[in-house]
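Secondary and tertiary structure notes
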Amino acid sequence: MPTFRKSYYDGMGHREQCHDFALSFFSDNRELKILNEYLCDKEYFLTIKLHPASIDNSLLFPNFSNIKIFNNLEYASLNVQNYSFVSCFDVLITDYSSIYFDWVLLDRPLAFTIDDIDEYSEERGFVFDNPLEYMPGEIIHSQKEFYNFIEKLSGDADNYVLQRKQIREYAHSTKWNGDACKKIAEYTGLLAP
């Protein structure tokens, strides 16, 4: 599940350009075909849910047996709300989307694709000064690292149990007594204590 990147609007309010594909290091359909064959061999299925504000580019990709790209219209036609389907999956691969704060409640493997972290930081920015400190999962910069992560899953390796627990305790603490937003704003410096 990718987060929203950027879009440019012309004077008429039409979106002209948008980067919205979660696996940007798979640069063409040939590479996606190879990934699909690999997933078939592993008996894994990859579901990519585009961000609701992203331009629908799911029609640009051919149909694959083990990769499905969903847009918001498809989810709406199935009467599925964002987040209501999350618990059906075994692993979350995201970039900078806040969905992982909810995902840590499931205590399942997690990976972050951060091949454009510098560009994203410049254009959109992060809530935290050092976002990597708040990413309790495998960090993926490249296609090779993506495949390595899948291989680790095959071996049931999960090296981030403690980090997920720490983020879960931080993000979902009951000690905040209803003041979670205020406490996070104070912690990040967005609001004076």
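Below, the structure is looked at part by part. (Residues numbered from 1 in each chain as written. Predicted model: local features only at pLDDT ≥ 70, side-chain atom pairs only at ≥ 80, totals over all residues. Heavy atoms only, no water.)

Let's shift gears to the overall build of the protein chain. Looking only at helices and strands, the protein chain features seven helices and seven strands. Overall, the protein chain shows an N-to-C arrangement of helices and strands of β-β-α-β-β-α-β-α-β-α-β-α-α-α. Scored against the burial criterion, the 193 residues of the protein chain give a buried share of 40%. Counting only contacts in the protein chain whose residues sit at least 6 apart along the sequence, the fraction spanning at least 24 positions is 56%. A total accessible area of about 11,400 Å² is found for the protein chain, and carbon and sulfur atoms account for 51% of it. (Helix = DSSP H or I, 4+ residues; strand = E, 2+ residues; numbered from the N terminus. Buried < 20%, exposed > 50% of the residue type's maximum accessible area, 1.4 Å probe, protein only. Contact = heavy atoms within 4.5 Å. Areas by Shrake-Rupley, 256 points an atom, 1.4 Å probe, with all protein chains shown as cover.)

Scanning all chains against the criterion turns up seven salt bridges. The salt bridge partner of E138 is K152, with a shortest N-O separation of 2.7 Å. On the criterion of sequence distance, the pair formed by E138 in strand β7 (residues 138–140) and K152 in helix α5 (residues 143–154) is long-range, its members being 14 residues apart. The buried category is assigned to E138, whose relative accessible area is 12%. The salt bridge partner of E169 is K165, with a shortest N-O separation of 2.8 Å. Note that E169 and K165 are positioned in helix α6 (residues 161–171) at a spacing of four residues, about one turn of the helix. Using a relative accessible area of 44% as the deciding quantity, one classes E169 as partly exposed. (Salt bridge = Lys/Arg side-chain N within 4 Å of Asp/Glu carboxyl O.)

Alternating residues of strand β3 (residues 46–49) divide into L46 and I48 and T47 and K49, and every residue in both groups is buried. Summarising the sheet, β3 and strand β4 (residues 67–70) pair through four bridges and their orientation is parallel. In the strand pairing of β4, K49 is matched with F70. (Pairing = 2+ DSSP bridges.)

This next bit is on the packing of aromatic side chains. Per the counting criterion, the structure on display carries nine aromatic pairs. An angle of 45° between the planes, with centres 5.5 Å apart, marks the rings of F25 and F26 as tilted. By relative accessible area, which is 3% here, F26 ends up buried. One aromatic cluster in this structure is built from F25, F26, Y38, F146 and Y147. (Phe/Tyr/Trp six-rings, centres within 6.5 Å; stacked < 30°, edge-to-face > 60°.)

We now examine the sheet that holds strand β5 (residues 92–94). Read across the open sheet, the three strands follow the order β5-β6-β7; overall the sheet is parallel. Of all strands in the sheet, those bounded by a partner on one side alone are β5 and β7. When strand polarity is set aside, the average angle formed by the axes of neighbouring strands in this sheet is 20°. Bridge analysis of β5 against strand β6 (residues 110–113) gives three bridges, and the strand direction is parallel. Bridged to L92 within β6 is L110. (Axes fitted to C-alpha atoms, helices over the stretch in contact; angles between N-to-C directions.)

Turning to α6, a few remarks are in order. Those residues of α6 lying buried are R164, I167 and Y170. The buried side chains of α6 occupy one side of the element, clustering within an arc of 130° when seen end-on. In this structure, the buried side of α6 is in contact with α3 (99–103) and α7 (180–187). (Arc of directions from axis to C-beta.)

What follows covers a nonpolar patch on the surface. Where nonpolar side chains cluster on the molecular surface, the patch consists of V127, L190 and L191 and spans about 310 Å² of accessible area. Within the secondary structure layout, V127 lies in the loop between α4 (117–123) and β7. (Patch = residues over 30% accessible without salt bridge, like charges linked within 9 Å, V, L, I, M, F, W, Y side chains within 5 Å.)

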